[in-house]
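# Tertiary structure, described
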Amino acid sequence: MANFQLFGQGLEGYKWKNRILLFVAQDTNDDALNINLTAFTNEQKKLTDRDLVLFLMSPKKLYDQDRSKLNLNAKLIYKRLELSHDFEGVLLIGKDGGIKLTKAYPLTPEVVFDKIDGMPMRQLEMRSRKD
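These notes cover the structure that comes with them. Just so it is clear, the model here is predicted, and its values are computed rather than measured. (Residues numbered from 1 in each chain as written. Predicted model: local features only at pLDDT ≥ 70, side-chain atom pairs only at ≥ 80, totals over all residues. Heavy atoms only, no water.)

Let us look at the pattern of salt bridges. In total, this model carries 9 salt bridges according to the counting rule given. Three or more residues joined by partner-sharing salt bridges are found here, namely Arg19, Asp49, Arg50, Asp51, Lys95, Asp117, Arg122 and Glu125. (Salt bridge = Lys/Arg side-chain N within 4 Å of Asp/Glu carboxyl O.)

Here we take up the nonpolar core. Leu21, Phe23, Phe40, Leu52, Leu54, Leu92 and Val112 are the most contacted members of the largest nonpolar core, which has 20 residues in total. Elements supplying a minimum of two residues to this core: β1 (19-24), α1 (31-41), β2 (52-57), β4 (89-93) and α4 (109-117). If near-sequence neighbours (up to four positions away) are discounted, leucine 52 is found in contact with Arg19, Ile20, Leu21, Leu47, Leu92, Val112, Phe113 and Ile116. (Core = buried A, V, L, I, M, F, W, Y, C linked by side-chain atoms within 4.5 Å. Buried < 20%, exposed > 50% of the residue type's maximum accessible area, 1.4 Å probe, protein only. Helix = DSSP H or I, 4+ residues; strand = E, 2+ residues; numbered from the N terminus. Contact = heavy atoms within 4.5 Å.)

Attention shifts here to the environment of alanine 104. Tracing the chain through its elements places alanine 104 in strand β5 (residues 99-104). Among the residues examined, alanine 104 registers a relative accessible area of 47% and is labelled partly exposed. Distance in space between the C-alpha atoms of alanine 104 and valine 24 is 9.1 Å, their sequence separation being 80 residues.

Taken in spatial order, the 5 strands line up as β3-β2-β1-β4-β5 in an open sheet, and their pairing is mixed. A strand with exactly one partner marks an edge of an open sheet, and here the two such strands are β3 (62-64) and β5. Sheet twist, expressed as the mean angle between neighbouring strand axes with direction ignored, is 20°. The pairing of β1 with β2 spans 6 bridges and is parallel. By the bridge assignment for β2, leucine 22 is matched with phenylalanine 55. The strands touched by helix α3 (residues 74-81) within the sheet are β1, β2, β3, β4 and β5, with β2 carrying the most contacts at an inclination of about 105°. α4 contacts β1, β2, β4 and β5 of the sheet and is inclined by roughly 160° relative to β5. (Pairing = 2+ DSSP bridges. Axes fitted to C-alpha atoms, helices over the stretch in contact; angles between N-to-C directions.)

The next thing to look at is the packing of aromatic side chains. In the structure shown here, the tally under the stated rule is 2 aromatic pairs. Between phenylalanine 23 and phenylalanine 40, the aromatic rings sit 5.5 Å apart at their centres with planes inclined by 75°, giving edge-to-face as the arrangement. Taken together, the residues phenylalanine 23 in strand β1 and phenylalanine 40 in helix α1 connect sequence positions 17 residues apart. A residue is classified by how much of its surface remains accessible, and phenylalanine 23, at 0% relative accessible area, is buried. With a centroid separation of 6.1 Å and an interplanar angle of 75°, the aromatic rings of phenylalanine 40 and phenylalanine 113 are classed as edge-to-face. Here phenylalanine 40, found in helix α1, pairs with phenylalanine 113, found in helix α4; they are 73 residues apart in sequence, far enough to count as distant. Taken as a pair, phenylalanine 40 and phenylalanine 113 share a single burial class, namely buried. (Phe/Tyr/Trp six-rings, centres within 6.5 Å; stacked < 30°, edge-to-face > 60°.)

Another point: a positive patch on the surface. A surface patch of like charges, here positive, comprises Lys60, Lys61, Lys69 and Lys75. Examined against the element boundaries, lysine 60 turns out to sit in the loop between β2 and β3. Take lysine 60: its relative accessible area is 64%, and that puts it in the exposed class. (Patch = residues over 30% accessible without salt bridge, like charges linked within 9 Å, V, L, I, M, F, W, Y side chains within 5 Å. Areas by Shrake-Rupley, 256 points an atom, 1.4 Å probe, with all protein chains shown as cover. Lys, Arg positive; Asp, Glu negative; His and termini not counted. Charge placed at Lys NZ, Arg CZ, Asp CG, Glu CD.)

Of all the 5 residues making up β4, 5 are buried; the element is thus mostly covered by neighbouring parts of the structure. As paired elements, β1 and β4 share 5 bridges and run antiparallel to each other. Bridging from a neighbouring strand, leucine 21 pairs with leucine 92 of β4. Alignment of β4 against β5, held across 5 bridges, turns out to be antiparallel. The residue of β5 that forms the bridge with glycine 89 is alanine 104. Between the end of β4 and the start of β5, which pair antiparallel, lie 5 residues, with glycine 97 showing a positive phi angle near 95°.

Here's what the structure looks like:
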């Protein structure tokens, strides 16, 4: 997997503000994708607390969490991420734009939340929010 900065593909408005969780499948109506997406959307408070936004991607299209099509080139993102077209899983993109986690389905929210909570930037955020 390339050390790729996803924000250069039109998501630059999220850099240093949000982490991105990218749900990937051949078809965004895929059962595994939707089961995993539902598990995360049921944790809205934890998503918000971690500045995490969700996107869905197939080899041809990219959507936001509400399934609104985004005007971004999914094919180019696949190429830049060096994703095989048969990959189905989740990519966690950090606030710096780097890939922090790549996992095939199924994936529980706890795995992602634990990964984020172990990041130095997140630990700083948690300390500063307590003050």
